[in-house]
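Chain and residue survey
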Amino acid sequence: MHRLLTGKLRVESLTIAIANLPAKLSGTKLVQLTDFHYDGLRLSDRLLQQAIAATNQAEPDLILLTGDYITEEPEPIHGLVQQLKNLQSSAGIYAILGNHDYFYQGAKTEVTNALTNIGIQVLYNEIAYPLGSELALVGLADFWSRDFKPEDTIGLINQNIPRIVLSHNPDSAEKLQKWRIDLQLSGHTHGGQIVIPGLGPVSIWIDSVGRIMPKSLRSKIPYFSVGDRVVNHWEWASGLHQVGSNLLYVNRGLGTYLPGRLFCPPEVTIITLVSK
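A few points on the structure. (Residues numbered from 1 in each chain as written. Predicted model: local features only at pLDDT ≥ 70, side-chain atom pairs only at ≥ 80, totals over all residues. Heavy atoms only, no water.)

Things to note about the pattern of salt bridges
All told, the structure shown has seven salt bridges when counted by the stated rule. A salt bridge links Asp 39 to Arg 42; the shortest N-O distance between them is 2.3 Å. Among the salt bridges present, the one from Arg 163 reaches Asp 182, with a minimum N-O distance of 3.9 Å. Residue Arg 163 is located in strand β8 (residues 163-166), and its partner Asp 182 is located in the loop between α6 (172-175) and β9 (183-186); the two are separated by 19 residues in the primary sequence. Pair check on accessibility: Arg 163 and Asp 182 agree, each one buried. The structure contains a network of salt bridges with shared partners spanning Arg 10, Glu 12, Arg 252 and Glu 267. (Salt bridge = Lys/Arg side-chain N within 4 Å of Asp/Glu carboxyl O. Helix = DSSP H or I, 4+ residues; strand = E, 2+ residues; numbered from the N terminus. Buried < 20%, exposed > 50% of the residue type's maximum accessible area, 1.4 Å probe, protein only.)

Following this line, the structure appears as structure tokens:
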């Protein structure tokens, strides 16, 4: 994707206060990257290298990747991991899969193996404790997959232990309200890509009109077809949101679909955890 259609990379920094976070973990730094869509079209090597450099410059304790490494065929994952192996963190790199990473035949296995082979741990309905037993890291299967069963994973964690949940699709935050989620990290939306300042993503209006449009007409107009419906909660398209008693952060991602981005730059997110 040409840089004029993509926009300049932006590094977003935020601080999240977490109840019961041990004092020794206060100041822990996370970096989130998401929605690469590395296929030779939607993400340039130049932008990817800038994102990796910004990530390493932050000197993170953990790097968290929240899905959609590929777009269609899984083969480009092998070129992507040659770049991702340059990422550096003190306590490891953890990843989940997005909808594009399992939808195409053989993609789930090929993407998972490629990431694992460079030392990135893929969490598929799994819990990890990379910073010790006092902070859980949960990686869920994609919300649209038949394997999305958070009760089988989150339900295993002691309620007193803070937890960070990786879930590609932010719509999952609605279902996840029944559990304690100190911070959910998602992507998937690309921030809506085209944003009108003060009004939000154009996708909100397209989706609203599309829902009342006859199906026969909707299928003939770009962006109004059923397949273009990405999320229900476009109000959560990017940034930090309170969902019930839980916190959700949605990263705008790195990859870009046509017609490009407007007021919605690709993103690297730096998150510092502090004790509440």
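Quick word on the packing of helix α3 (residues 77-84) against helix α5 (residues 107-117)
In contact at an axis separation of 9 Å, α3 and α5 are set at 20 degrees when each is read in the N-to-C sense. On the basis of the axis angle, α3 is roughly parallel to α5. Considering how the two elements wind past one another, α3 and α5 form a crossing that is right-handed. Counted together, Ile 77, His 78, Val 81 and Leu 84 of α3 and Glu 110, Val 111, Ala 114 and Leu 115 of α5 form the full contact between these two elements. For the contact of α3 with α5, a count of residues per class yields six nonpolar, one polar and one charged. (Axes fitted to C-alpha atoms, helices over the stretch in contact; angles between N-to-C directions. Parallel < 35°, antiparallel > 145°, perpendicular 65-115°, else oblique. Left-handed = near helix turned anticlockwise from the far one by under 90°. Contact = heavy atoms within 4.5 Å. Nonpolar A, V, L, I, M, F, W, Y, C, P; charged D, E, K, R; others polar.)

Remarks on the packing of helix α2 (residues 45-57) against α3
Two numbers describe how α2 lies on α3: the axes approach to 10 Å, and their chain directions differ by 35 degrees. Here the hand of the crossing between α2 and α3 comes out right-handed. Between α2, through Asp 45, Leu 48, Gln 49 and Ile 52, and α3, the contact on the second element is made entirely by Leu 80, Gln 83 and Leu 84. Along the lines of polarity and charge, the residues of the contact of α2 with α3 split into four nonpolar, two polar and one charged.

Some points on the nonpolar core
Ranked by size, the top nonpolar core spans 34 residues in total, and within it Leu 33, Phe 36, Leu 65, Tyr 69 and Leu 115 carry the most contacts. Those elements that place two or more of their residues in this core are β2 (29-33), α2, β3 (62-65), α3, β4 (93-95), α5 and β14 (267-275). Excluding residues within four positions of it along the chain, Leu 65 makes contact with Leu 33, Phe 36, Leu 84, Ile 93, Tyr 94, Ala 95, Ile 96 and Ile 120. (Core = buried A, V, L, I, M, F, W, Y, C linked by side-chain atoms within 4.5 Å.)

A closer look at unusual backbone geometry
Here the bond from Leu 258 into Pro 259 is cis, since omega is 10 degrees, no more than 30 degrees from zero. Examined against the element boundaries, Pro 259 turns out to sit in the loop between β13 (246-250) and β14. Within the chain, Gln 193 stands out as a residue other than glycine whose phi angle is a positive 70 degrees. Topologically, Gln 193 is positioned in the loop between β9 and β10 (195-196). Within the chain, Phe 263 stands out as a residue other than glycine whose phi angle is a positive 55 degrees. Of note, Phe 263 is situated in the loop between β13 and β14. Taking relative accessible area as the criterion, Phe 263 reaches 58% and is therefore assigned exposed.

Regarding the packing of aromatic side chains
Taken as a whole and judged by the stated rule, the model has three aromatic pairs. One Lys or Arg, Arg 42, reaches over the ring of Tyr 257 and ends 4.4 Å from the middle of that ring. Between the NZ or CZ atom of Lys 108 and the centre of the ring of Tyr 124, over which it lies, the distance is 3.8 Å. (Phe/Tyr/Trp six-rings, centres within 6.5 Å; stacked < 30°, edge-to-face > 60°. Lys NZ or Arg CZ within 6 Å of the ring centre and 35° of its normal.)

Digging into the pairing of strand β12 (residues 239-243)
As defined by bridge partners, β12 adjoins β13 across five bridges and the pair is classed as antiparallel. In the sheet register, His 241 faces β13, and the bridge partner there is Leu 248. Counting the residues that bridge the hairpin from β12 to β13 gives two residues, and of these Gly 244 lies at a positive phi of roughly 65 degrees. (Pairing = 2+ DSSP bridges.)

Points about the sheet that holds β8
One open sheet holds the six strands; their spatial order is β6-β7-β8-β9-β13-β12, and the pairing between them is mixed. The two strands at the open ends of the sheet, each matched to only one other strand, are β6 (126-128) and β12. Strand after strand, the sheet turns through a mean of 20 degrees between neighbouring axes, direction not considered. As defined by bridge partners, β9 adjoins β13 across three bridges and the pair is classed as parallel. By the bridge assignment, Leu 185 is partnered in β13 with Tyr 249.

Details of α2
Given a rise of 1.5 Å per residue, 13 residues ought to cover 18 Å, and the 18 Å separating the end C-alpha atoms of α2 matches this to within 8%. Residues Leu 47, Leu 48, Ala 51, Ile 52, Ala 54, Thr 55 and Asn 56 constitute the buried set of α2. Remark: Glu 59 follows α2 within two positions and exhibits a positive phi of approximately 50 degrees. (Expected span 1.5 Å × (residues − 1).)

What about α3?
Of the positions making up α3, those classed as buried are Ile 77, Leu 80, Val 81, Gln 83 and Leu 84. The arc that holds the buried residues of α3, viewed along the axis, is 155 degrees, so those residues lie on one side. Here the buried face of α3 lies against α2, β3 and α5. (Arc of directions from axis to C-beta.)

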